[in-house]
Amino acid sequence: MAASQYFKREAIFLNGSWRQANSNKSIDVFNPANGQKIGYVPNAGEEETREVVKAAKLAFEDFRKTTALERANILRKLHDEIMQNQEALAELLTLEQGKPLAEARAEISIAASYLLWFAEEARRVFGDLIPSPHSGQKLMVSKQPIGVVAAITPWNFPFSMIARKVGPAIAAGCSVIVKPSELTPFSGLAWGVIAEDIGLPNGVINIITGEAEAIGHVLTRHLDVRKLTFTGSTRVGKQLLEKSASTVKKISMELGGNAPFIVFEDADLDKAVEGAIAAKYRNSGQTCICTNRFYVHASIYDDFVENFTKETKKLKVGNGFDLDITQGPLINEVAIEKAKRFVEDAKQKGGVILTGGKPYLHSLETGYFFEPTVIANATKDMLFSKEEIFAPIAPIYKFESEAEVIALANDTDYGLAAYFYTQNLGRSFRVSDALDYGMIGVNAAMLTKVEAPFGGVKASGLGKEGGSQGIDEYLESKYICLGGLEA
Ligand code: ADP
């Protein structure tokens, strides 16, 4: 743990310096596995945010002049620094977020992979040369960095969500202000340490913690912030969109999900169960692409439910630092209360709890654990058919036909990820086309790849992260009409 202390900073990182909030106020940070205070971070507000925007703007003026190759090299250095410190960063992550250390290591590693991917993409930001309808002219389009980027990030992937935003921003030549979640700020502040250690110019990466609303207020209303990228709840995303309207910024948003997971009668049942466990219980059900609704064909319903429940019972709940555990705690008391409410509601409406169903050793001293829970006979009047669960609760619904299940799966405001299992080729294409989601897993439960565009439709968000599309969010096209070329 000693190495992780090196990355744990109880200060904000503004223009290359570490400092406290102007008010000297702070926010305490707790370990969700035992409720113990692990430190504090500055409670900064509007004043500091205005300062940081000014610094980021100044830094941008120089940084935009760097070459793509220089920026690619910076990203490679960031990648290497992160991977050399993978264990320490993973420990810090588990300490404040609770996830199993193995998952934390994987998060650090995928974060570094995003940086490597965008190091490669940085050098492929091509423009266009368009045939002109008039003689003596060339029409050119070049791509330019958009300017100062504000990135507001959540607690469920406190390290990698920053990589997905900082990576393309730096690749494009932008400076960034990151506001991590107050629940898991240390993994965000660690980016300041990493930036310092690789000698990144001051003001290119800034990390601010504090009053979310006050910081968000300045970031959305400030004309010098040209791009806002947000990952979090649909509720807050909508507020930020509204607030940003006055300054007409470029926006990308990764918001909530309500992922269906469909098991057709022609699925490979063992593979479907294996995928179902992965798509439900990663990060204790606290990912925006976690399955929210399992739909299983009536002819295989009982078999699936039996096997899935058997596998669920094998999961081990506990402190993320204990070696054999697979399920860490939920993030806080509110999450536990929400999970309890979902189970109670389902019970009242005829749901059958096959395993789990309640907090596990839950109290402030013992951590916010919840038992992995399987609920059979789920119906669409239950609360979790419309709301995002964000807990290890797996409701299983029964369906009879392909058309019926497509309608059920699409019957939500959200459209982030959807999964289905089938061995029928025609059905693979048909159902992929019919599902109103930004990402589809066909016989695949782990969707996130740096090479592919991550993002949703409908209330799940705007824009894509990763893939070749990811950098576009940080670029502006500039059209140049070059005339007078006649002899
Ligand atoms: P969750 O429900 O998953 O905690 P939130 O949307 O509340 O998601 O939080 C995601 C991020 O948005 C966090 O960094 C949080 O501090 C920030 N946030 C919350 N409310 C606001 C707000 N009003 N303005 C700006 N940022 C906010």
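Residues numbered from 1 in each chain as written. Predicted model: local features only at pLDDT ≥ 70, side-chain atom pairs only at ≥ 80, totals over all residues. Heavy atoms only, no water.

This part takes up the sheet that holds strand E17 (residues 373-376). With mixed pairing, the seven strands of this open sheet are ordered in space as E14-E17-E18-E13-E12-E19-E20. Looking at which strands have only one partner, the edges of the open sheet turn out to be strand E14 (352-355) and strand E20 (439-442). Recorded for the sheet is a direction-independent mean angle of 25 degrees between the axes of neighbouring strands. Of the pairings in the sheet, the one linking strand E13 (residues 291-297) to strand E18 (residues 393-399) comprises four bridges and is parallel in character. Opposite Phe294, over in E18, you have Ile396 as the bridge partner. (Pairing = 2+ DSSP bridges. Helix = DSSP H or I, 4+ residues; strand = E, 2+ residues; numbered from the N terminus. Axes fitted to C-alpha atoms, helices over the stretch in contact; angles between N-to-C directions.)

In this section: the site of the ligand. Around the ligand lies a shell of 17 residues, among which Thr153, Trp155, Lys179, Glu182 and Ser233 are the nearest. Contacts to the ligand include Thr153, whose backbone N or O atom sits 2.7 Å from an oxygen atom. Between Trp155 and the ligand, the recorded distance is 2.9 Å, taken from a side-chain N or O atom to an oxygen atom. In the complex, 82% of the free accessible area of the ligand, which totals 560 Å², lies under the protein chains. Within the residue set of the shell around the ligand, elements represented by two or more residues are helix H8 (212-221), strand E10 (225-231) and helix H9 (234-244). Grouping the constituent residues of the shell around the ligand by class yields seven nonpolar, seven polar and three charged. (Near = heavy atom within 4 Å. Polar contact = N/O pair within 3.5 Å; in protein donor to acceptor, adjacent residues only side chain to side chain. Areas by Shrake-Rupley, 256 points an atom, 1.4 Å probe, with all protein chains shown as cover. Nonpolar A, V, L, I, M, F, W, Y, C, P; charged D, E, K, R; others polar.)

What follows covers the packing of aromatic side chains. On inspection of all chains with the given rule, the structure shows 16 aromatic pairs. Geometrically, the ring pair formed by Phe264 and Phe399 is edge-to-face, given 5.6 Å between the ring centres and 80 degrees between the ring planes. A residue pair is termed long-range when its members are at least 10 positions apart, and Phe264 in the loop between strand E12 (259-263) and helix H10 (269-281) and Phe399 in strand E18 qualify at 135 residues. Ring centres 5.6 Å apart and planes at 10 degrees place the aromatic pair Phe304 and Phe308 in the stacked group. One end of the pair is Phe304 and the other is Phe308, both in helix H11 (residues 301-313) and four residues apart, which spans about a single turn. Each of the two residues, Phe304 as well as Phe308, counts as buried. A cation sits over an aromatic face here: Lys8 above Phe186, 5.4 Å from the ring centre. The ring of Phe342 carries Arg341 above its face, with NZ or CZ at 5.6 Å from the centroid. (Phe/Tyr/Trp six-rings, centres within 6.5 Å; stacked < 30°, edge-to-face > 60°. Buried < 20%, exposed > 50% of the residue type's maximum accessible area, 1.4 Å probe, protein only. Lys NZ or Arg CZ within 6 Å of the ring centre and 35° of its normal.)

Read across the sheet, three strands follow the order E5-E6-E22 without closing on themselves; strand pairing throughout is antiparallel. Of all strands in the sheet, those with a lone pairing partner are strand E5 (128-130) and strand E22 (475-482), marking the two edges. Pairwise comparison of adjacent strand axes, ignoring direction, gives a mean angle of 25 degrees for this sheet. Pairing of E5 with strand E6 (residues 138-145), which is carried by three bridges, proceeds in the antiparallel orientation. Its bridge partner lying in E6, Asp128 is registered against Val141.

Right, let's get into a nonpolar patch on the surface. On the surface, Ile480, Leu482 and Leu485 cluster together into a nonpolar patch covering about 220 Å² of accessible area. Judged by relative accessible area, Ile480 falls into the partly exposed class, the value being 34%. (Patch = residues over 30% accessible without salt bridge, like charges linked within 9 Å, V, L, I, M, F, W, Y side chains within 5 Å. Salt bridge = Lys/Arg side-chain N within 4 Å of Asp/Glu carboxyl O.)

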